[in-house]
Amino acid sequence: DAEITQSPRHKITETGRQVTLACHQTWNHNNMFWYRQDLGHGLRLIHYSYGVQDTNKGEVSDGYSVSRSNTEDLPLTLESAASSQTSVYFCASSESNGPEAFFGQGTRLTVV
Amino acid sequence: GNSVTQMEGPVTLSEEAFLTINCTYTATGYPSLFWYVQYPGEGLQLLLKATKADDKGSNKGFEATYRKETTSFHLEKGSVQVSDSAVYFCALRLQGAQKLVFGQGTRLTINP
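This is a predicted model, so every value here is computed, not measured.

Rules behind the numbers
- Residues numbered from 1 in each chain as written.
- Chains lettered and ligands numbered in written order.
- Predicted model: local features only at pLDDT ≥ 70, side-chain atom pairs only at ≥ 80, totals over all residues.
- Heavy atoms only, no water.
- Contact = heavy atoms within 4.5 Å.
- Buried area = accessible area lost by both parts, 1.4 Å probe.
- Salt bridge = Lys/Arg side-chain N within 4 Å of Asp/Glu carboxyl O.
- Polar contact = N/O pair within 3.5 Å; in protein donor to acceptor, adjacent residues only side chain to side chain.
- Helix = DSSP H or I, 4+ residues; strand = E, 2+ residues; numbered from the N terminus.
- Disulfide = S-S within 2.5 Å.
- Buried < 20%, exposed > 50% of the residue type's maximum accessible area, 1.4 Å probe, protein only.
- Pairing = 2+ DSSP bridges.
- Axes fitted to C-alpha atoms, helices over the stretch in contact; angles between N-to-C directions.

Chemist: How would you explain the interface of chain A and chain B if you had to name every residue and give the values?
Modeler: Counting from both sides, the interface comprises 23 residues of chain A and, opposite them, 17 residues of chain B. The three residues of chain A that bury the most area against chain B are A:L43, A:P99 and A:F103, which together make up 28% of that side's buried surface. For the pair chain A and chain B, the interface holds 0 salt bridges. Summed over the shared surface of chain A and chain B, the number is 5 residue pairs in polar contact (both at pLDDT 80 or more). Counting only elements with at least two residues in the side of chain A that touches chain B, the list comes to β4 (31–38), β5 (42–51) and β10 (101–103) of chain A.

Chemist: Go over the state of the cysteines with me, naming the residues and quoting the values.
Modeler: Each disulfide consists of a covalent bond between the sulfur atoms of two cysteine residues. Across all of its chains, the model carries 2 disulfides over all chains by this definition. Across the disulfide, A:C23 is cross-linked to A:C91 (sulfur-sulfur distance 1.8 Å). Across the disulfide from A:C23 to A:C91, rotation about the S-S bond amounts to roughly -75°, and the bridge is consequently left-handed. Of the two residues, A:C23 sits in strand β3 (residues 19–25) while A:C91 sits in strand β9 (residues 87–94), which places them 68 residues apart along the sequence. When sorted by exposure, A:C23 lands in the same class as A:C91, which is buried. Across the disulfide, B:C23 is cross-linked to B:C90 (sulfur-sulfur distance 1.9 Å). Between B:C23 and B:C90 the disulfide shows an S-S torsion of about -70°. By sign, it is left-handed. Placement of B:C23 in strand β4 (residues 23–26) and of B:C90 in strand β10 (residues 86–93) is noted, with a sequence separation of 67 residues between them. Per residue, the accessibility class of B:C23 equals that of B:C90, and both read buried.

Chemist: Break down the sheet that holds strand β7 (residues 64–66) of chain A for me, citing the residues and quoting the values.
Modeler: Backbone-to-backbone hydrogen bonds pair the strands of a sheet. The strands run either parallel or antiparallel. Residues and elements named next belong to chain A. Spatially, β1-β3-β8-β7 is the arrangement adopted by the 4 strands of the open sheet, whose pairing is antiparallel. Strands at the two margins of the open sheet, each flanked by one partner only, are β1 (4–7) and β7. This sheet shows a mean twist of 20° between the axes of neighbouring strands, independent of strand direction. With 4 bridges connecting them, β1 and β3 associate as antiparallel partners. The residue of β3 that forms the bridge with Q6 is C23.

Listed below in structure tokens is the structure:
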């Protein structure tokens, strides 16, 4: 069965370190998204991609970057982790103009 | 801008009670509307959707009707179960767009 997987599921890192969260989907979807989930804010869009070599900033993109070198993967990098980036991160994918987005199980990141 | 507003949680009900979770939106044009559910420790999954005014989405006993005149998409269930305990997110997607805009989420707890 096709799926979308995130790794790691849990990560603790120190302030100032670079961290990369992985997202891999086997749906062959063109669209991929990264959200962060924080209490009181719901899900906020960080970055998204509509295809290989395409990346776009979402509403909370400062301090984050992504790259899309193939269809299956959209890694999210925190250039210099800050305590404000402690959150749960969700990756999602969807077909172009498809009716539904599919979500990974999330990565809980703690920055100490 | 485009936004989704959900009723504040948490919501606690007894088993077999009637459930309503309010959702209103602000958007240009004619968005598609969605309810996603997040069970403990999992990612989001699509519960139901509606793509045009007066459409009713339904799944697992849950229903929501797209009301353009009141810009609402309230989630209802006639008799909730303990297994319905989860966080529920209302979301919209603009016509021709790929991104989802989420509300803040409503945590629902059902007591036996």
